[in-house]
Amino acid sequence: MIDVLKSVWRWLDARLQVGGTIAEVAAHPVPRSSASWWYVFGSATLVVFILQVVTGICLATVYTPAADRAWDSLIYLNYQQPLGWYLRALHGWGSNFMVALMFIHMIQVFLFGAYKFPRELTWVAGCVLLLSTLGMAFTGQVLRFDQNAYWGLGIGASIAGRTPIIGFKVVDLILGGPIIAGETLSRFFALHVFVIPGLLIAFVGLHLFLVLRLGINEWPMPGRIVRRNTYLQEYQELVHKDGEPFMPFAAQKDLVFAGLIILSLLVVAAVEGPIGPNGQPDPTIIQTVPRPDFFFLWLFSLFALLPPWTETFLMLTGPVAVIGLIFALPFISPTGEKSWRRRPISVVIVILVVTTIATLTWLGTFSPWSPVMDAWSAAPTPIDYVKGRTPLELQGALLVQSKQCRNCHSLGGNGGMRGPALDDTATRLTRDQIVRQIVQGGGNMPAYGKNLTPPQVNAIVAFLATMHPAGEPPARDSAHPAIPASESTY
């Protein structure tokens, strides 16, 4: 069998003349220090991308990019096509894996100073690959064409529509018209299957070409300064003195890690199953909370937390400024120290960015800033909060429930999180302050003075005035002493 394969290879190589090129690539020297587990994320991302291409081609043979058939074709894949659910799970979770791996790879490159001279264009090509990967992820979510996809795309289009002068043109370009319709899905299908994969393949080729021509970045040693006039010679001397062939010296860790990633992806896909589709898209259902996939949750949270007066400006300029800064990084700092140990500002930046994105992603999983529209009916008032209460206080408890206060405020750990929990209201506010907050509003809370009668306000305040932990006295007005002056002792 081996002899047959060798004969086939010799026949092909005699006509394609690629054997020498492959041998040259496999044998090209790399610094011994680069054969590290820190250098495996780029190759693992490439392996996952290849898997995405294969699974995507298989899915495209069944998926129907039509507004009235897309959702049904996914349901068919999930429940009727043999192993269709697993194919969808591999493709969906593979997208998550690819975004995560590329993000980690970019952090490693940034911390190791691998964007510096002469690898500026390698970094730029990597930035294009990151944006293209995020574009694939977004368009893939739209192709699910469920409730999340439909309304999420609507929100994205509304943001794009805020662009001065050309906003309506941008929306028309995105949606293929003024509304989300069949043309929209066809447009996103073309982007997801042809345009963005073409960009990815082209820039992956460019990225690999630059890596081969310029060499893999050496381990960043403290004190080893990058200078334009000496770096290339120093790198060649390092490779000549302490270099090893890429195959098998450096590639073995890449292969092991890529194998572990593929194994993990196979397990996650089998355990978690396919992502969606959720409810069938219906423009008449307006009480919905569209939520993007995890890689955009942080952006979803950030936009939700922006003050209203800054929304348009920051939504339109913020992403452009950040992307521009990332692309300009190697031209802003092309030389100097590479080691993260000598670049504390870079380390702080990474910590802040990762912490911020992780926190915003966590917040995006449950949207604490958004009211839970059915909390008042789905979360009954805890029994302990109504035991031993007066008739007036019980009436207040009923009003808190019926007036849907629980949509924004939790009680007993259940309810919305947009406003503070009601369990300790009496320890934070006096009776007069509670009345003023209800009637006049404040902060995120609107004024309810016109929606409640004075007896209703009195009943709600009576109930909330009992909301303080046992053994902890309620809040009091500092202008009134706790003990009457006539009874105090001196």
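All figures in this text were calculated on a predicted structure; none of them were measured in a lab. (Residues numbered from 1 in each chain as written. Predicted model: local features only at pLDDT ≥ 70, side-chain atom pairs only at ≥ 80, totals over all residues. Heavy atoms only, no water.)

Note that Asn78 resides in helix 4 (residues 70-79). Engagement of the side chain of Asn78 in a polar contact is seen with the backbone oxygen of Gly276, the distance being 3.3 Å. Residue contacts for Asn78: discarding those within four places in its chain leaves Trp85, Arg88, Pro274, Gly276 and Pro277. (Helix = DSSP H or I, 4+ residues; strand = E, 2+ residues; numbered from the N terminus. Polar contact = N/O pair within 3.5 Å; in protein donor to acceptor, adjacent residues only side chain to side chain. Contact = heavy atoms within 4.5 Å.)

The next subject is the layout of surface pockets. If you add up the space inside the second largest pocket, you get close to 1100 Å³. Those elements that provide at least two residues to the lining of the second largest pocket are helix 2 (19-27), helix 3 (41-60), helix 5 (84-111), helix 6 (120-144), helix 9 (182-214) and helix 11 (246-272). Residue composition of the lining of the second largest pocket, by class: 30 nonpolar, 14 polar and 3 charged. (1 Å grid on protein atoms, 1.4 Å probe; cavity = no way out; pocket = protein on both sides within 12 Å on 5 of 7 lines; lining within 4 Å. Points joined across faces, edges and corners; volume = space filled by probe spheres on them. Nonpolar A, V, L, I, M, F, W, Y, C, P; charged D, E, K, R; others polar.)

Our focus in this paragraph is the environment of Asp424. Position of Asp424 relative to the elements: it lies in the loop between strand 6 (414-415) and helix 17 (425-428). Looking at Asp424, the relative accessible area reads 28%, which means it is partly exposed. Here the alpha-carbon distance between Asp424 and Thr312, two residues 112 residues apart in the chain, equals 37 Å. When near neighbours in sequence (up to four residues on either side) are disregarded, Asp424 contacts Met467 and Pro469. (Buried < 20%, exposed > 50% of the residue type's maximum accessible area, 1.4 Å probe, protein only.)

With that settled, the discussion passes to unusual backbone geometry. Between Phe117 and the following residue, Pro118, the backbone shows a cis peptide bond with an omega angle of 5 degrees. Topologically, Pro118 is positioned in the loop between helix 5 and helix 6. With an omega of 0 degrees, the peptide bond between Met247 and Pro248 qualifies as cis. Residue placement: Pro248 occurs in helix 11. Look at Leu83: it is not a glycine, yet its phi comes out positive at around 60 degrees. The residue Leu83 is located in the loop between helix 4 and helix 5 in this model. Phi is positive for Phe145, close to 50 degrees, though the residue is something other than glycine.

Turning next to the packing of helix 12 (residues 294-305) against helix 14 (residues 344-364). For the pair helix 12 and helix 14, the least separation of the axes is 7 Å and the interaxial angle reads 85 degrees. With respect to helix 14, the axis of helix 12 lies roughly perpendicular. The segment helix 12 lies against helix 14, with Phe294, Leu297, Trp298, Phe300, Ser301, Leu302 and Leu305 engaging Ile357, Leu360, Thr361, Leu363 and Gly364. (Axes fitted to C-alpha atoms, helices over the stretch in contact; angles between N-to-C directions. Parallel < 35°, antiparallel > 145°, perpendicular 65-115°, else oblique.)

Right, let's talk about the nonpolar core for a bit. In this structure, Leu101, Phe110, Trp123, Phe257 and Ile261 are the most contacted members of the largest nonpolar core, which totals 40 residues. Of all elements in the fold, only helix 3, helix 5, helix 6, helix 9 and helix 11 reach the threshold of two or more residues within this core. For this core, the element with the highest residue contribution is helix 5, accounting for 11 residues. When neighbours within four sequence positions are excluded, Leu101 is seen to be in contact with Phe41, Ala44, Thr45, Val48, Phe257 and Ile261. (Core = buried A, V, L, I, M, F, W, Y, C linked by side-chain atoms within 4.5 Å.)

For the structure on display, the rule yields 18 aromatic pairs. Ring geometry for Phe41 versus Phe257: centroids 5.4 Å apart, planes at 80 degrees, classification edge-to-face. One end of the pair, Phe41, is in helix 3; the other, Phe257, is in helix 11, with 216 residues separating them in the sequence. With relative accessibility at 13%, the residue Phe41 sits in the buried group. Put simply, the rings of Phe138, Phe188, Phe294, Phe295 and Phe296 touch in pairs and so form one group of aromatic residues. (Phe/Tyr/Trp six-rings, centres within 6.5 Å; stacked < 30°, edge-to-face > 60°.)

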